Structure formats: C-alpha cells, structure tokens
Amino acid sequence: MLETVVLVTNGYRPDQDYERMATWINILGSPEFIATIYEYPEYDVFGVLPNGVEFASEEALSRIVGLFNQERDKIALIYANCGAYFINKRIIPTDMKIESLDQLNEFIFANGLRSIKIENNIFK
C-alpha cells in the first residue's frame, strides 16, 4: 500500500486528516526539488500544490491516496486542471528528469501505466 506523502506548497501547511504526510514549504522555485524528493525513500507519493491552490476539504488527501491504492502498480500520476499533481514514486524511475506533465504522461502511456485527471472539487 502507498502510505507516506510529501506535499510541496508555497507558504502553508494544509489541514488534512491524513496522518502520514510531510509538507515542504517554499521550494517550488527550486529546479532540483523533484530530484531532492527522490532522495527520501520513505515517501511513496509526492504532490505539488501550486500558488493559490488549496484542498477543498480535510479528507482530500485521503481520497487521492485511496485512488492510487486502487491500482498502486499502474497509477503513476493524479492531476487536476488547477495545476496540482501527485506522482507515485514507486513506479516512476528515480533517475527520470521530469520536465513537464505532458512529458511525464508520454512516459506513462508508453510504459502501460495510467494517469488520472481528477475533478477540481478536491481543490479550491
């Protein structure tokens, strides 16, 4: 099961009922932040909330992790129109340089994996 989540935000720690969450604040401008997250093997999923995006409810992160765990060996990416995204670190190679979500989706589809676009009602 995927359990631990590192969440990258700019300036705040979101209130969530999910207990296995770490929040890294104010590193979104760093070009190396994705590579740095891969140096921490204890995290299963990492997510990014861009400026101005917040969770709409306290159980939003639990819902996202639950989606991953429905097919944890297949679902590589969960994303929304608002720019928030979550990556399954267990199936995306640690040496992959992720330059954009489009490039990541190309890798996902080429390798028989899945990405899920979620509704913006999870975010506000």
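Given the structure is predicted, the values throughout are model-derived calculations rather than measurements. (Residues numbered from 1 in each chain as written. Predicted model: local features only at pLDDT ≥ 70, side-chain atom pairs only at ≥ 80, totals over all residues. Heavy atoms only, no water.)

J.: How would you summarise the sheet that holds strand β1 (residues 5-9) if you had to cite specific residues and measurements?
T.: Taken together, 6 strands build an open sheet; the order of strands is β2-β1-β3-β5-β4-β6 and the sheet is mixed. Across the chains shown, the open sheet's two edge strands, defined by having one partner strand only, are β2 (21-25) and β6 (114-117). Within this sheet the neighbouring strands show an average axis-to-axis angle of 15°, counted without direction. Across 4 bridges, strand β3 (residues 45-48) lies against strand β5 (residues 85-88) in antiparallel orientation. Directly across from Val 45, in β5, lies its bridge partner Asn 88. Sitting on the sheet, helix α2 (residues 60-70) touches β1, β2, β3, β4 (75-79) and β5, and the angle it makes with β4 is about 150°. (Pairing = 2+ DSSP bridges. Helix = DSSP H or I, 4+ residues; strand = E, 2+ residues; numbered from the N terminus. Axes fitted to C-alpha atoms, helices over the stretch in contact; angles between N-to-C directions. Contact = heavy atoms within 4.5 Å.)

J.: So what's going on with the nonpolar core? Residues and values would help.
T.: One finds Phe 55, Ile 64, Phe 86 and Phe 123 to be the most contacted residues of the largest nonpolar core, which totals 23 residues. Contributions of two or more residues to this core are made by β1, α2 and β4. Leave out the neighbours within four places in its chain, and Ile 64 touches Phe 55, Ile 78, Phe 86, Ile 118, Ile 122 and Phe 123. One finds Val 6, Trp 24, Tyr 43 and Tyr 85 within the second-largest nonpolar core, a separate group that totals 19 residues. (Core = buried A, V, L, I, M, F, W, Y, C linked by side-chain atoms within 4.5 Å. Buried < 20%, exposed > 50% of the residue type's maximum accessible area, 1.4 Å probe, protein only.)

J.: Go over the side chain of Asn 88 with me, naming the residues and quoting the values.
T.: Mapped onto the fold, Asn 88 is located in strand β5. In terms of polar contacts, Asn 88 uses its side chain to reach the backbone carbonyl oxygen of Ile 75, at 3.1 Å. Look past the residues within four positions of Asn 88 in its chain and what remains in contact with it is Leu 2, Asp 44, Phe 68, Arg 72, Ile 75 and Ala 76. (Polar contact = N/O pair within 3.5 Å; in protein donor to acceptor, adjacent residues only side chain to side chain.)

J.: Which residues make up the pattern of salt bridges, and what are the values?
T.: Tallied over the entire structure, the rule returns 3 salt bridges. Linking Glu 71 and Arg 114 is a salt bridge whose minimum nitrogen-to-oxygen distance equals 2.3 Å. Of the two residues, Glu 71 sits in the loop between α2 and β4 while Arg 114 sits in strand β6, which places them 43 residues apart along the sequence. (Salt bridge = Lys/Arg side-chain N within 4 Å of Asp/Glu carboxyl O.)

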